[in-house]
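The lines below spell out each chain.
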Amino acid sequence: MLNHSCVCPDALDRCDRCDLLLDFPGLHLVSVTQAPSGLVLEVESCVPVQGCPGCGVIATGHGRVVVEVIDAPWAGRPVRVRWRKRRWICHEDVCAVASFVEQDPEVCAPRGLLSTRAIRWSIGQLRREGATIQGLARQLGTTWNTLWTQVRPVLATAADDPVRFENVQVLGVDEHIWHHRDPRRRGPKELTGMVDLTRGPHPTARLLDLVPGRSGKAYRDWLDERGEGFRKRVEIATLDPFQGYKNAIDDQLEDATCVLDAFHIVKLAGAAVDDVRRRIQQETLGHRGRKGDPLYGIRHVLRAGRERLTSRQQTRLEAAFTAHPDHIAVEVAYRCAQDLRDVFHQPTPARGRQLAEKLIASLPTCPIPEIARLGKTLRRWKTAFLAYFDTDGASNGGTEAINGIIELGRRIARGFRNFEHYRLRMLLITGGLDASPHTQL
């Protein structure tokens, strides 16, 4: 079957079925051979004339030069493309270009080792399939360094694209540990991650950036680098109860509403109950919890919502609370924590806000020191706590989900040594950058 979409004459007898499988516009499949390294596709173009890139004068053909690039695997086998490029000579004396070789950025970048298709395939596997660089290199029949040196510039270009910072209205922040080595050799262990939590433009949260350090200065400097236009568009800023991030938000996002994450509020309440249980355990029995101890036996039940408890679990709680007179402190702490949890499950935001204000006023006066400390923390964060009910339930949950994806990516890669590599990989797998517009090298 002849390829009538090509400028080549039908006398060349090209097969458009083979060209369709090749899927490189402008190139024809000449031959396919099986080599020890995999399939070898020999291709060539049939450009009848070519203008000189220096002066534009029609150049003269001067044979071909064979260039081999790595292509995406096919039928489970590595593929090599041998491109028989045309060489052209410019006969203009005043032209600085003496000779040149044909180029096609849709096929491969000049002096590139991988085809554009191979790079696009590799990036897709890294982003969506949880692949590793080593695993992809094995499928491509190449080495780790060869693959990463071709993929990294594409990811770096996408990361530098200012378009990905547009239309951010809800901004989350959180920290995580990216390595457990000596900071003197690998830099700070803690990283601050900024996440776009805006609902609508993106189906899920997406990581915007990672910067070394866990401090208000790290967050403040990043916000300052984004520019005034970015900061003006941010309407809501969510965070966990860390004063450093709060100071950065107050300094750089003056017009944004700061919201304390509901998950961390409930977590603080659960931690307070655990602290009370451990203290009473030591005071009544003189040792840490052991099997058979009443308070130790309900340690997991205390963390569950009371509306989810079975009748058996309720009986266990009641038995543990009445086992010793001092256990009343654990019961009071448990009920305070459950009341705090209930503020996020009220039928209307107004009702939730009313209950939250009541707890903020009453908990600091509780005779149980752990609960009083919790109440003082909530009183200090009162504005950010109550803002939850004025922002349609804005939370930092998406940021925590991003951290989970980051942990999975680091575990699959079995750790990272280079921070910049880590940053690019995490931005890719968490949807923080779209490399597809940049793979057309």
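It should be emphasised that the depicted structure is a prediction, and the values quoted were computed from it without experimental measurement.

Comments concerning the pairing of strand β1 (residues 27–35)
Turning to step 1, where the next piece is worked out: Direction of pairing for β1 relative to strand β2 (residues 38–45): antiparallel, over a ladder of eight bridges. Bridge pairing in β2 links T33 to V40.
Turning to step 2, where the next piece is worked out: Between β1 and β2, which pair antiparallel in sequence order, lie two residues.

A short note on the sheet that holds strand β7 (residues 190–196)
Picture the strands of a sheet paired through backbone hydrogen bonds; they go either parallel or antiparallel.
Turning to step 1, where the next piece is worked out: Strands sit in the order β8-β7-β6-β9-β10 across an open sheet of five strands; the sheet is mixed. Either end of the sheet is taken by a strand with one partner, and the two such strands are β8 (206–212) and β10 (257–260). Strand after strand, the sheet turns through a mean of 25 degrees between neighbouring axes, direction not considered.
Turning to step 2, where the next piece is worked out: Pairing of strand β6 (residues 170–177) with strand β9 (residues 236–239) involves three bridges; the strand directions are parallel. Its bridge partner lying in β9, V170 is registered against I236.
Turning to step 3, where the next piece is worked out: Running over the sheet, helix α6 (residues 216–226) touches β6, β7 and β8 and is turned about 120 degrees from β8.

Focus on helix α8 (residues 243–252)
Turning to step 1, where the next piece is worked out: Residues G244, Y245, K246, A248, I249 and Q252 constitute the buried set of α8.
Turning to step 2, where the next piece is worked out: Among the structural elements, β6, β7, α6, α7 (228–233), β9 and β10 are those in contact with the buried residues of α8.

A short note on helix α3 (residues 133–140)
Turning to step 1, where the next piece is worked out: Buried within α3 are the following residues: I133, G135, L136, A137 and L140.
Turning to step 2, where the next piece is worked out: Contacts from the buried residues of α3 go to β3 (60–74), β4 (77–89), α2 (116–128), α4 (144–159) and α17 (419–429).
Turning to step 3, where the next piece is worked out: Note on α3: the residue one or two positions beyond its end, G141, has a positive phi of about 75 degrees.

Some words on the confidence of the model for the protein chain
Low pLDDT means the predicted coordinates in that region are not meant to be read closely.
Turning to step 1, where the next piece is worked out: The predicted model of the protein chain has a mean per-residue pLDDT of 90, with 96% of residues at 70 or higher.
Turning to step 2, where the next piece is worked out: Across residues 1–5, confidence stays below pLDDT 50; counting only partners more than four residues off in sequence or on other chains, it has 13 contacts.

Some remarks on the environment of A158
Turning to step 1, where the next piece is worked out: The residue A158 is located in helix α4 in this model.
Turning to step 2, where the next piece is worked out: Assessed through its relative accessible area of 3%, A158 is described here as buried.
Turning to step 3, where the next piece is worked out: Remark: the alpha-carbon pair of A158 and R279, spanning 121 residues in sequence, is separated by 53 Å.
Turning to step 4, where the next piece is worked out: Filtering out sequence-adjacent residues up to four positions away, A158 remains in contact with R164, L433, D434, A435 and H438.

Thoughts on the packing of α4 against α17
Relative orientation and spacing of two packed helices are given, respectively, by the angle between their axes and the distance between those axes.
Turning to step 1, where the next piece is worked out: Viewed as axis vectors pointing N to C, α4 and α17 meet at an angle of 65 degrees, and their least axial separation amounts to 10 Å. In terms of orientation, α4 lies roughly perpendicular with respect to α17. Considering the relative orientation of α4 and α17, their crossing is left-handed. Across from W144, W148, R152, L155, A156 and A159 in α4, the residues of α17 making contact are E420, H421, R423, L424, R425, L427 and L428.
Turning to step 2, where the next piece is worked out: Each residue belonging to the contact of α4 with α17 can be placed in one class, and the counts come to eight nonpolar, one polar and four charged.

Brief notes about the packing of aromatic side chains
Centre distance and the angle of the planes are the two values used to describe a pair of aromatic rings.
Turning to step 1, where the next piece is worked out: What the rule picks out here adds up to 15 aromatic pairs.
Turning to step 2, where the next piece is worked out: When the centroid spacing of 5.7 Å and the interplanar angle of 80 degrees are considered together, the rings of Y219 and Y245 count as edge-to-face. Here the residue Y219 occupies a position in helix α6, and Y245 occupies one in helix α8, the gap between them amounting to 26 residues. Neither Y219 nor Y245 differs from the other in exposure class; each is buried.
Turning to step 3, where the next piece is worked out: On the basis of an interplanar angle of 85 degrees and a centroid distance of 5.2 Å, the ring pair of Y388 and F389 is categorised as edge-to-face.
Turning to step 4, where the next piece is worked out: On the basis of relative accessible area, Y388 is assigned to the buried category, the value being 16%.
Turning to step 5, where the next piece is worked out: Linked through ring pairs, W178, F416, F419 and Y422 together constitute an aromatic cluster.
Turning to step 6, where the next piece is worked out: Lying over the aromatic face of F165, R226 brings its terminal NZ or CZ to 4.4 Å of the ring centre.

Parameters at a glance
- For every chain, the first residue of the written sequence is number 1, and numbering continues from 1 onward in sequence order.
- Confidence filtering applies because this is a predicted model: local features only for residues at pLDDT of at least 70, side-chain atom pairs given and counted only at 80 or more, and all residues used for totals across whole chains, interfaces and linings.
- Side-chain measures here rest on the full set of heavy atoms in the structure, leaving out hydrogens and waters.
- Whether two strands pair comes down to DSSP finding at least two bridges between them.
- Runs of E in the DSSP output that reach at least two residues are strands. Runs of H or I that reach at least four are helices, and both are numbered from the N terminus.
- Axis definition: a line fit to C-alpha positions, over the contact stretch in the case of helices; interaxial angles, taken between N-to-C directions, run 0 to 180 degrees.
- In this description, contact between two residues means that some pair of their heavy atoms is separated by no more than 4.5 Å.
- Exposure is judged per residue with a 1.4 Å probe applied to protein chains only, and the accessible area is read against the type maximum: over 50% gives exposed, under 20% gives buried, and values in between give partly exposed.
- pLDDT measures the predictor's confidence residue by residue and takes values from 0 up to 100.
- Between 65 and 115 degrees an angle is taken as roughly perpendicular, under 35 as roughly parallel, over 145 as roughly antiparallel, and anywhere else as oblique.
- By definition, turning the near helix anticlockwise from the far helix through less than a right angle yields a left-handed crossing, and turning it clockwise yields a right-handed one.
- Only Asp, Glu, Lys and Arg are considered charged in this grouping, and only Ala, Val, Leu, Ile, Met, Phe, Trp, Tyr, Cys and Pro are considered nonpolar; every other residue, Gly among them, is considered polar.
- Note on ring pairs: Phe, Tyr and Trp rings are taken, using the six-membered ring of Trp, and paired if centres are within 6.5 Å. Classes follow the plane angle, with under 30 degrees stacked, over 60 edge-to-face and the rest tilted.
- Placement of a positive charge over a ring is assigned whenever Lys NZ or Arg CZ falls within 6 Å of the ring centre and within 35 degrees of the normal to the ring plane.

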